[in-house]
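# Close look at the chain arrangement
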Amino acid sequence: MTNHAWILLGVYFLTLLLLSKPLGLYIAQVMEGRLKYGGVIENTLYRFCGIKKDEEMGWLNFTLALLFFNLLGVIAVYLLQRLQISLPLNPQRFANVSPDSSFNTAISFVTNTNWQGYSGESTMSYLTQMLGLAVQNFFSAATGIVVVIALIRGFVRHTASTIGNVWVDLTRVTLYILLPLSLVFSVFLVSQGVIQNFVANKDIQTLEVTKYDNPKLDASGQPIKDAKGNPVTEPAMTQTQTLPMGPVASQEAIKMLGTNGGGFFNANSAHPYENPTPLTNFFQMLSIFLIPGALCITFGRMVGDPRQGWTIYAAMSLLFLAFAIGAMTFEQQGNPLLASLGTDQSVTAMQAGGNMEGKETRFGIADSGLFATITTLASCGAVNAMHDSFTPLGGMIPLASMQLGEVVFGGVGSGLYGMLVFAILAVFIAGLMIGRTPEYLGKKIESFEMKMTSIAILVTPLLVLIGTAIAVMTEAGRAGIANPGAHGFSEILYALTSVANNNGSAFAGLSANTPFYNVLLAIGMWFGRFGVIVPVLAIAGALAAKKRISVTSGTMSTHGPLFVTLLIGEVILVGLLNYVPALALGPVVEHLVLWTGH
Amino acid sequence: MKTILRPAITLFLLLSVLTGMVYPLAVTVIAQIFFPSAANGSLLEKDGKVVGSALIGQNFSGSQYFWGRPSATAPYPNNGVASGGSNMGPLNPALAEAVKARINALREADPANAQPVPIDLVTSSASGLDPEISPAAAEYQIKRVAKARNLNYEQLHQLVIKHTDSRLFGFLGEARVNVLALNLDLDAELK
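Since this is a predicted model, take the numbers as computed values, not measurements.

### Quick look at the domain arrangement of chain B
Domain parsing of chain B yields domain 1 (1-40) and domain 2 (43-189). Domain 1 of chain B and domain 2 of chain B are separated by 40 Å when their C-alpha centres are compared.

### Regarding the confidence of the model for chain B
This prediction gives chain B a mean pLDDT of 94; 98% of its residues lie at or above 70. For this predicted complex, the interface confidence comes out at an ipTM of 0.96, alongside a pTM of 0.96.

### Considerations on the interface of chain A and chain B
Listed per partner, the contact involves 119 residues of chain A and 108 residues of chain B. Summing both partners gives a buried area of about 8900 Å² for chain A against chain B, and 68% of it is carried by carbon and sulfur. For the chain A face of the interface with chain B, the top three residues by lost area are Leu207(A), Glu208(A) and Thr361(A), together amounting to 9%. Linking chain A with chain B are 0 salt bridges, by the criterion used here.

### Re helix 12 (residues 392-403) of chain A
Residues and elements named next belong to chain A. An ideal rise of 1.5 Å per residue puts 16 Å on 12 residues; helix 12 measures up with 16 Å between its terminal C-alpha atoms. Where burial is concerned, most of helix 12 is hidden: 11 out of the 12 residues are buried. Buried within helix 12 are the following residues: Pro 392, Leu 393, Gly 394, Gly 395, Ile 397, Pro 398, Leu 399, Ala 400, Ser 401, Met 402 and Gln 403. The inward-facing, buried residues of helix 12 contact helix 9 (306-332), helix 11 (366-377), helix 16 (486-500), helix 18 (561-577) and helix 19 (580-596).

### Here we look at the pattern of salt bridges
Residue and element names in this part refer to chain A. In the structure shown here, the tally under the stated rule is 18 salt bridges over all chains. As a salt-bridge pair, Glu 42 and Arg 172 come within 2.8 Å of each other at their nearest N and O atoms. Placement of the pair is Glu 42 in helix 2 (residues 39-49) and Arg 172 in helix 6 (residues 166-192), with a sequence separation of 130 residues. The two residues Glu 42 and Arg 172 agree in class, both being buried. Note that Glu 56 is salt-bridged to Arg 157, the shortest N-O span being 2.7 Å. Here Glu 56, found in the loop between helix 2 and helix 3 (59-82), pairs with Arg 157, found in the loop between helix 5 (126-156) and helix 6; they are 101 residues apart in sequence, far enough to count as distant. Overall, the relative accessible area of 34% leaves Glu 56 in the partly exposed class. Taken together, the salt bridges that share partners define one network made up of Glu 252, Lys 255 and Glu 274.

So, how was this worked out
- Residues numbered from 1 in each chain as written.
- Chains lettered and ligands numbered in written order.
- Predicted model: local features only at pLDDT ≥ 70, side-chain atom pairs only at ≥ 80, totals over all residues.
- Heavy atoms only, no water.
- Domains from an automatic or database assignment.
- pLDDT = per-residue confidence, 0-100.
- Contact = heavy atoms within 4.5 Å.
- Buried area = accessible area lost by both parts, 1.4 Å probe.
- Salt bridge = Lys/Arg side-chain N within 4 Å of Asp/Glu carboxyl O.
- Helix = DSSP H or I, 4+ residues; strand = E, 2+ residues; numbered from the N terminus.
- Expected span 1.5 Å × (residues − 1).
- Buried < 20%, exposed > 50% of the residue type's maximum accessible area, 1.4 Å probe, protein only.

The structure is reproduced here in structure tokens:
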């Protein structure tokens, strides 16, 4: 790693650390209803909606209401895409999106995955982007926070039958946390060059004429191929460049803060209109971990023991730092096959060097490697470099980051509830080892909680591995592969890993906008999201109903270095071990081939 | 179920209006008042005509201009409405072939230059619209451009330095040269 990479990592982590506590305490204040302002807007909303804010819900009603709210999101996003040609704010006159792609995208944005089978700048109208996709960026983020707050209440309350009012929680998260942060962040982004307008795309005349080979299309718009299967082309030229326009900054802000990751443009945060400078890049990275980090502090505050929050924070931080160092190191090594062609991949004051295929000049290696680690450890999935073109081990870092189960900071809310599920598992296993009834934060962990914990932990690996098996065994699945050899397998494994963990980044060579992938991946996203949320809320309900047991000298401590170690061990063993055989077939084989040459 | 329906639907609609219409409109108003140039695409003008954006790279292949990062957009490079990378894996034979072809094109345009080629000048960017190259990649091209324009090395070297942004605060991002701005300046100042 270069010196500036070390400084970047250090400054990034310290900034995150400094911001976590104040924001975490603020979130606790909001969610416990201790905020002093804003009551008028909030109460007006409740009156319109017929919500009684003091009426709380049991876990089952809470879950049903939340699922129904998310289902409405699926319907809204689906319809906006299917009807966009007849709706306003479509200056490029984009056609309605196909049924399977619309379905996939609707599920994708509702589940906080933001997997994108389409490319934004040539598919979605401004209205679809802002009223469909960006709204779900808010709602899916709010959903995650609401679920983790409910789980925390499960620990805090005792002999209680309710875990909160889902409408009040959703409203407060949106009004007091997500909207203000997004507003500030989007204005900052505009000041740096992220666009924000409603005008149509602009055609400009370029300095030089571009000559190129244009693929010939048949009557149905499919490329014509010659006898060898190569596309037939004809020489063409252009001196026009179309600059994309649109309300990007407002969407970009919540895309990062809500760990959504669905770009306005196909190139996502690599696009200069989404992420124009190293400074925007730094704050985009910061905004991904901002709320997930703060929620650890919120947790400590709400359970009345800040050490519990910092313990989780420490476990997450250690894993994060290890993965980040890995990604930045591997990418700096470059590609031995290109070195032999007469290129210079060394680091100097004049260039970043390393593996620059699929990376932007302004980000180089350090800022791209760090971004890739953060975006995949959090279930964000925005990319500022193309992961498909990473070195084998550099690309394995994002893949493994997702396979940990998105619990290292993770998605907003989902990262913490995922980690708390691992904490429950950790006290259970530790309890077995020392022969005591496991307990966590004064609550006995019993058979029901462990069943739900098992479901929550196992549902994603099952979806990933079975889905990958289906895709590699079928013609339709293999048809999407772009790169030959082991890398093609990695592309499929990455796609399934990404959707089932609700990340949304891709080895983007895979052609996934087909009915097969749109349906398979949508199933992965839906069950990867709600297959975890429902058991987590069930745990919340069960814990809230329990009596609190007092701390004795025999109680195992769940803060401090020992528990941090236990937690990290648990996450790596249970989270990652499931995937070792699959990783060996993909990136590991590829790494060996690349460096030995056969 | 009935107790869920009304709050769910009305809250969904009201919060949608707030986050999906009021919020983006508010940001647009603020952006257009305080940062109109940035909000509208950081456009560059020449003789009163828009010739591009400072943030969106253009394709250059003539000897008299500095070339930018290769672009993998379809069907032509630097297509503004088809952003994306090549997505080729490191072992993909097509990647090595593409890099070889780019090296050959550079060598053909400047046969006297036998230095190793800076890697960013022969690998495609992530967005396909990267507006910048490394200072090494600019330096590599100075002699070619100088010859094509009958200028001396020092004049061009100074111009490149003028268009070089260094790493922010010493640790954020990379040093870089904006290719379109540099080429526009070339046309304007050093005819």
